[in-house]
Each structure stands twice: as C-alpha cells, then as structure tokens.
Amino acid sequence: NAGVMQNPRHLVRRRGQEARLRCSPMKGHSHVYWYRQLPEEGLKFMVYLQKENIIDESGMPKERFSAEFPKEGPSILRIQQVVRGDSAAYFCASTLGGPSTGELFFGEGSRLTVL
Amino acid sequence: AQSVAQPEDQVNVAEGNPLTVKCTYSVSGNPYLFWYVQYPNRGLQFLLKYITGDNLVKGSYGFEAEFNKSQTSFHLKKPSALVSDSALYFCAVRVGISSGSARQLTFGSGTQLTVLP
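Residues numbered from 1 in each chain as written. Chains lettered and ligands numbered in written order. Predicted model: local features only at pLDDT ≥ 70, side-chain atom pairs only at ≥ 80, totals over all residues. Heavy atoms only, no water.

**Q** Whenever I open this one, the overall build of chain A confuses me. Can you help?
**A** A count of helices and strands for chain A gives 0 helices and 11 strands. Ordered by position in the sequence, the α and β elements of chain A form the string β-β-β-β-β-β-β-β-β-β-β. In summary, chain A has a C-alpha radius of gyration of 13 Å against a globular reference of 13 Å for 115 residues, a match within 12%. Summarising its shape, the C-alpha atoms of chain A cover approximately 40 × 25 × 25 Å along the three principal directions. For chain A, with 115 residues in total, the buried portion stands at 45%. For chain A, the proportion of contacts with a sequence separation of at least 24, taken over those separated by at least 6, is 53%. Element-wise, carbon and sulfur atoms account for 47% of the exposed surface of chain A, whose accessible area totals about 5,700 Å². (Helix = DSSP H or I, 4+ residues; strand = E, 2+ residues; numbered from the N terminus. Rg over C-alpha atoms; globule rule 2.2 N^0.38 Å. Buried < 20%, exposed > 50% of the residue type's maximum accessible area, 1.4 Å probe, protein only. Contact = heavy atoms within 4.5 Å. Areas by Shrake-Rupley, 256 points an atom, 1.4 Å probe, with all protein chains shown as cover.)

The structure is reproduced here in structure tokens:
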C-alpha cells in the first residue's frame, strides 16, 4: 500500500514563474493537508481539503497561493509568481476521515527553490 | 487558539543514556497530542499519540511520552538512546473535536536530537 506520494521532490523556479506541487494521498484517504516548512522552522499549516472542497484555508497566504483536490487526480498546491521567500519544503499529509483521533500520514515533501 | 512549545532547539545525549525531549501545549479544550520524527530530507513519521486514557503512551522505536495535564506537558522519552535516534522531533497538538473547531495539527518548532556514540 503506497504511502502519500508527492512530486516533484525538488523544484527550481525563477522569480515570477509558477510552481505546481502535487500530492496523491494514501489509498482510501480523502482528506489532504498541506504544510510548509521554512528553513530552521517547524511546520506551518496552510490548507485542509476534502475531495472537491476546501475545508480550512486559514494558513494560506491571501495572494498567489491556491489549492485544489479534484474528484479525480492528486491534490495540487499552486504558487503563482513565486518569490524567493517561497523557497521552502512543502509537505502533504492525508487521513482516512476528517478531524479525528488519527494521526496524519506525511509525504516526503516537495522542496521548492526560487532563484 | 492552540499552540505548542518545544523549549529546546537542541538536545545532546550519549548513546545508552536516557533521553527526554520537552513539549508543552496550550489549547482551549481537551488536547490530542502527537510526536513525529523527521530524518534529513524526509517527511515526518508518526511516533505516538495521546488521546485519552493512560497518561503514559508507548510508541514506535521504544519511545514513550507522558501526558501531564496539570503541567500541560507531553515530554518524549526513551530509556536508552541510540545513535540512530538522531533526528528532528516535533510535538503537535489538536483540540478534541468535541471541544473546538480547529481541524489542523499545530506543530512545535522542533528539537534536534543528537545521540553521541
């Protein structure tokens, strides 16, 4: 049973370009969370999605960032017009159900470098 | 609001000695508490959790943690450290569903554990 799959693992973009990060949750999981980890810092919550719905986006920057989790296919975190401050590791996690006592299962992360 | 504090950025212990990684939390309701470990350039791996019941929770790789409600702490412990335990450790909290609306885990800033041979 494959775990949470994220791609690309590493992504390099120049300022002003777009970054798209993909996350396929564990099989059977329908809840996805995105977290950002800046160098030397902990993980910061960005957004929580279920299939076709954004449940909580309280951690998302108001501009340039968006996320989706379509009925078919992976969840996508999209960053438009990237800036150097967007350089970070972006982690996706999934759970079987919604907020519950269960732990999150994390992917290996996508490391974005903005030149 | 919910928050987690890991007061030590770095913990060094000798192999074979007991280790403790500290965590305190703040929530307005019943806490669900978690410990995760992160190896370099990897994702987070779940170690253990406290939801309810026995205050001493046992988890993966010989780790355990003790929930202390009066001190709002959830320190991670291991009786005998291994060099392979060297990694970054994160404490996390979520408020219980019946107590609040926060859906996401809130993580501490992490503690780098180094076990010296």
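**Q** Even after reading the chapter, I still don't get the environment of A:Arg14, so can you show me in this structure?
**A** Residues and elements named next belong to chain A. Within the fold, arginine 14 resides in the loop between strand 2 (10-13) and strand 3 (19-24). Measuring from C-alpha to C-alpha, the distance between arginine 14 and valine 83 comes to 7.9 Å, with 69 residues separating the pair along the chain. Leaving out residues up to four positions away in the same chain, arginine 14 has contacts with Val82, Val114 and Leu115.

**Q** Any chance you could explain the pairing of strand 12 (residues 111-116) of chain B here in plain terms?
**A** Remark: a regular strand shows side chains that alternate across the two faces of the sheet. All names here are of chain B. Burial along strand 12 is one-sided: the face carrying Thr111, Leu113 and Val115 is buried and the face carrying Gln112, Thr114 and Leu116 is not. Bridge count between strand 2 (residues 10-14) and strand 12: 5 bridges; the pairing is parallel. Of the residues in strand 12, the one forming a bridge with valine 13 is valine 115. Two strands pair when backbone bridges link them, and strand 10 (residues 87-95) and strand 12 are joined in this way by 3 bridges, in the antiparallel orientation. Bridge pairing in strand 12 places leucine 88 opposite glutamine 112. (Pairing = 2+ DSSP bridges.)

**Q** Help me out: how do you make sense of the state of the cysteines in this one?
**A** One covalent bond between the sulfur atoms of two cysteine residues makes up a disulfide. Enumeration according to the criterion identifies 2 disulfides over all chains in this entry. At a sulfur-sulfur separation of 1.8 Å, the disulfide partner of A:Cys23 is A:Cys92. Taking the torsion about the sulfur-sulfur bond, which here is approximately -55°, the covalent link between A:Cys23 and A:Cys92 counts as left-handed. With A:Cys23 in strand 3 and A:Cys92 in strand 9 (residues 88-95), this residue pair connects regions lying 69 residues apart in the sequence. No difference in accessibility class separates A:Cys23 from A:Cys92, as the two residues are buried. Shown here is the disulfide that connects B:Cys23 with B:Cys91, its sulfur atoms set 2.0 Å apart. Disulfide B:Cys23-B:Cys91: the torsion about the S-S bond is -65°, which places it as left-handed. On the criterion of sequence distance, the pair formed by B:Cys23 in the loop between strand 3 (19-21) and strand 4 (24-26) and B:Cys91 in strand 10 is long-range, its members being 68 residues apart. (Disulfide = S-S within 2.5 Å.)

**Q** What exactly am I supposed to notice about the packing of aromatic side chains here?
**A** The geometry of an aromatic ring pair is captured by two quantities: the separation of the ring centres and the angle between the planes. Residues and elements named next belong to chain B. Tallied over the entire structure, the rule returns 13 aromatic pairs over all chains. Geometrically, the ring pair formed by tyrosine 25 and phenylalanine 67 is stacked, given 6.1 Å between the ring centres and 25° between the ring planes. Of this pair, tyrosine 25 sits in strand 4 while phenylalanine 67 sits in strand 8 (residues 64-68); the two residues are 42 residues apart in sequence, bridging distant segments of the chain. Neither residue differs from the other here; tyrosine 25 and phenylalanine 67 are each classed as buried. Of note, lysine 78 hangs over the ring of phenylalanine 63, and the distance from its end group to the ring centre comes to 5.0 Å. (Phe/Tyr/Trp six-rings, centres within 6.5 Å; stacked < 30°, edge-to-face > 60°. Lys NZ or Arg CZ within 6 Å of the ring centre and 35° of its normal.)

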